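Listed below are the residues making up each chain.
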Amino acid sequence: MSSLVNCNHFAIHRLPSPFSSAIATRFSRHISNVSVSSQSQQQGIQTPPKIGFLGLGIMGSPMAQNLINAGVDLTVWNRTKSKCDPLISLGAKYKSSPEQVAASCDLTFAMLADPQSAMDVACGKYGVANGMGPGKGYVDVSTVDVDTSKLINGHIKSTGALFLEAPVSGSKKPAEDGQLIFLTAGDRNLYQNAAPLLDIMGKSKFYLGDVGNGAAMKLVVNMIMGSMMASFSEGLLLCEKVGLDPKVLVEVISQGAINAPMYTTKGPSMIKSHYPTAFPLKHQQKDLRLALGLAESVSQSIPIAAAANELYKVAKSHGYSDEDFSAVIEALKTKFQNSENQ
Ligand SMILES: NC(=O)C1=CN([C@@H]2O[C@H](COP(=O)(O)OP(=O)(O)OC[C@H]3O[C@@H](n4cnc5c(N)ncnc54)[C@H](OP(=O)(O)O)[C@@H]3O)[C@@H](O)[C@H]2O)C=CC1
Ligand SMILES: O=CCCC(=O)O
């Protein structure tokens, strides 16, 4: 258990903007001998580390924006280039491939959809690994399974670079507010040197030891969340069916032992059948699928998560993939229940 260390007490709260030279010094000492040119060194001038960010979706864009706002020298890339434009207008640089970002930066973050895209961007043609080497670091904050994270770790480490997995708890709003929770594992030096950047994007961070532990922790958290949302959906619909006001249910829950921010933030819009996307339903189903694989790998029974997964699959088949995961309630509505049972 010694590897399970809650590193909240290491937290450096909110860096002054611009990105402080003290951090640049610390970063360059541990991570990069390319971030300080020899001429600058002779003159005692520190060049701020160059940071890359790949994957500018719902989560990646606000995370990258917070880094820019903090004065970080940021280079971005996204498969759909247009998503880079708002960040470029805020001062970010742009490179046309993950390889070029990694080659031009000291440390590169990636926030990608799923295991396949995380592998493609890290290890594919023009991928990150081609631009990596000694003195550089790669921090993958995507939600993937343990095996994928270990594969990426192997590719990155074989170049002489360092690797950290750091999936996040917290959704669109916490990403915008710099209030994410990082579940990190991998190279401890990289963890320590990336810490000031994690602190810009998040409110806390856990260092969990070997690569795979961060991915596993994230999947367990999201397995619980997916089941909670499915159960909440059943409750809202049952309430309505027996003639009770679901708005009152949300209020009752908010005052009791099972209160969770998720219910109070999502409940009112679910009652109106509105699902503005913060966490896409397709990603929640992906996480349940990956959690089932994790459980299978250790012969652990997770029947409630398995049932919830089926519900998300139904919602996906009815076109709710890109809506918020709270749209899982639609899979329980009579119209879909009847068609599924035929
Ligand atoms: N939204 C949330 O609340 C949270 C999400 N997560 C996790 O974070 C990750 C990102 O989530 P989120 O930002 O919501 O997802 P989005 O779907 O909004 O963004 C996905 C990103 O991955 C890129 N991408 C997808 N496929 C490929 C590919 N084959 N090659 C290259 N890039 C690709 C997309 O590029 P393009 O723009 O071109 O499509 C986009 O940048 C996921 O793993 C998710 O599970 C974690 C915590 C919270
Ligand atoms: O992976 C998504 C997590 C969403 C959340 O923690 O609110």
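Here, residues in each chain are numbered from 1, in the same order as that chain's written sequence. Throughout, the order in which chains and ligands are written sets their labels, letters from A for the former and numbers from 1 for the latter. This being a predicted model, a pLDDT of at least 70 is required before a residue's local features are given, and a value of 80 or more before pairs of side-chain atoms are given or counted; all residues contribute to the totals for chains, interfaces and linings. In computing side-chain values, all of the structure's heavy atoms are included and hydrogens and water are not.

Visitor: Explain unusual backbone geometry residue by residue, including any values.
Guide: Backbone geometry at Tyr126 places phi at a positive 60°, although glycine is not the residue there. Locating Tyr126 in the fold gives a position in the loop between helix H6 (115-123) and helix H7 (128-131). Assessed through its relative accessible area of 48%, Tyr126 is described here as partly exposed. The phi torsion at Ser273 lies on the positive side, around 60°, for a residue other than glycine. Locating Ser273 in the fold gives a position in the loop between helix H13 (261-271) and helix H14 (281-297). Each helix corresponds to a stretch of at least 4 residues labelled H or I by DSSP, and each strand to a stretch of at least 2 residues labelled E; elements are numbered beginning at the N terminus. Burial here depends on accessible area, computed with a 1.4 Å probe over protein chains only, as a share of the maximum for the residue type. Under 20% is buried, over 50% is exposed, and the range in between is partly exposed.

Visitor: Please give an account of the UniProt feature "active site" (unreviewed entry) in the protein chain that cites residues and values.
Guide: UniProt positions are given in the numbering used here, feature names are shortened, and annotations may be inferred rather than shown by experiment. When the UniProt feature table is mapped onto this chain numbering, "active site" (unreviewed entry) sits at Lys218. Two residues qualify as a contact provided that any one of their heavy atoms is within 4.5 Å of a heavy atom in the partner residue. Among all residues touching Lys218, those that are not within four sequence positions of it are Thr143, Pro167, Val168, Ser169 and Leu183.

Visitor: How would you sum up the pattern of salt bridges? Please name residues and give values.
Guide: When their charged atoms lie close together, side chains carrying opposite charge are able to pair. Here, a salt bridge means any Lys or Arg side-chain nitrogen found within 4 Å of an Asp or Glu carboxyl oxygen. Counting across every chain of the model gives 11 salt bridges. For the salt bridge of Lys50 with Asp73, the shortest nitrogen-to-oxygen distance reads 3.5 Å. Of the two residues, Lys50 is situated in strand E2 (residues 50-54) and Asp73 in strand E3 (residues 73-77); the sequence distance between them amounts to 23 residues. Of the charged contacts, one joins Lys173 and Asp177 as a salt bridge, the two residues approaching to 2.6 Å between their closest N and O atoms. Placement of the pair is Lys173 and Asp177 together in helix H9 (residues 172-177), with a separation of 4 residues, close to one helical turn. Here the salt bridges share partners, and the residues they tie into one network are Lys50, Asp73 and Lys93.

Visitor: How would you sum up the site of ligand 1? Please name residues and give values.
Guide: Nearness of a residue to a molecule or strand requires only that one of the residue's heavy atoms be within 4 Å of it. Looking at ligand 1, there are 25 residues lining it, with Asn78, Thr80, Lys83, Ser171 and Lys286 nearest. Within 3.5 Å is the distance limit for a polar contact, defined as a pair of N or O atoms, with the added protein rule that one can donate a hydrogen and the other accept it, and that residues adjacent in sequence qualify only through two side-chain atoms. The separation between an oxygen atom of ligand 1 and a polar main-chain atom of Gly57 is 3.4 Å. A distance of 2.7 Å separates an oxygen atom of ligand 1 from a polar side-chain atom of Asn78. Considered on its own, ligand 1 offers 910 Å² of accessible surface; in the complex 89% of this is hidden by protein. Contributing elements (two or more residues each) for the shell around ligand 1: H6 and H14. For the shell around ligand 1, the residue count by class is 12 nonpolar, 9 polar and 4 charged. Start and end positions for the domains come from either an automated domain assignment or a database one. Looking at which domains feed residues into the shell around ligand 1, each of domain 1 (7-210) and domain 2 (216-341) gives three or more. Computed with a 1.4 Å probe, the accessible areas rest on the Shrake-Rupley method; for each residue, only the protein chains presented here act as cover. Here the term charged refers only to Asp, Glu, Lys and Arg, the term nonpolar to Ala, Val, Leu, Ile, Met, Phe, Trp, Tyr, Cys and Pro, and the term polar to all other amino acids, Gly among them.

Visitor: Let's hear about the site of ligand 2: which residues, and what values?
Guide: All residues in the neighbourhood of ligand 2 are listed as Ser169, Gly170, Ser171, Lys218, Asn222, Met225 and Phe279. Here Lys218 contributes a side-chain N or O atom positioned 2.8 Å from an oxygen atom of ligand 2. One of the side-chain N or O atoms of Asn222 is found 2.7 Å from an oxygen atom in ligand 2. Protein burial of ligand 2: of its 250 Å² of free accessible surface, 79% is covered by the chains. Broken down by element, the residue count for the shell around ligand 2 peaks at 3 residues, all from helix H11 (residues 213-241). When grouped by side-chain class, the residues that make up the shell around ligand 2 number 2 nonpolar, 4 polar and 1 charged. Two domains each put at least three residues into the shell around ligand 2: domain 1 (7-210) and domain 2 (216-341).

Visitor: Could you give me a rundown of the UniProt feature "domain: 3-hydroxyisobutyrate dehydrogenase-like NAD-binding" (unreviewed entry) in the protein chain, with the residues and numbers involved?
Guide: UniProt's feature table lists "domain: 3-hydroxyisobutyrate dehydrogenase-like NAD-binding" (unreviewed entry) at residues 212-331, given in the numbering used throughout. Taken end to end, residues 212-331 comprises 68% helix and 0% strand; its first and last C-alpha atoms sit 32 Å apart.

Visitor: Residue-level account of the pairing of E2, with values.
Guide: For E2, a buried count of 4 out of 5 residues is recorded, marking the element as mostly surrounded by other parts of the structure. For E2 and E3, the ladder comprises 5 bridges, and the chain directions are parallel. Of the residues in E3, the one forming a bridge with Leu54 is Trp77. Sheet analysis places E2 next to strand E5 (residues 107-110), joined by 4 bridges and oriented parallel. Pairing between two strands is assigned when DSSP locates at least 2 bridges connecting them.

Visitor: Explain the domain arrangement of the protein chain residue by residue, including any values.
Guide: When cut into domains, the protein chain gives domain 1 (7-210) and domain 2 (216-341). Taking both partners together, domain 1 and domain 2 bury about 1,100 Å²; carbon and sulfur atoms supply 70% of that area. Here domain 1 is connected to domain 2 by 0 salt bridges. Put simply, domain 1 and domain 2 have 3 residue pairs in polar contact (both at pLDDT 80 or more) between them. Considered class by class, the residues forming the side of domain 1 that touches domain 2 number 9 nonpolar, 3 polar and 3 charged. Take the accessible area each of two parts loses on contact, using a 1.4 Å probe, and add the two losses: that sum is the buried area.

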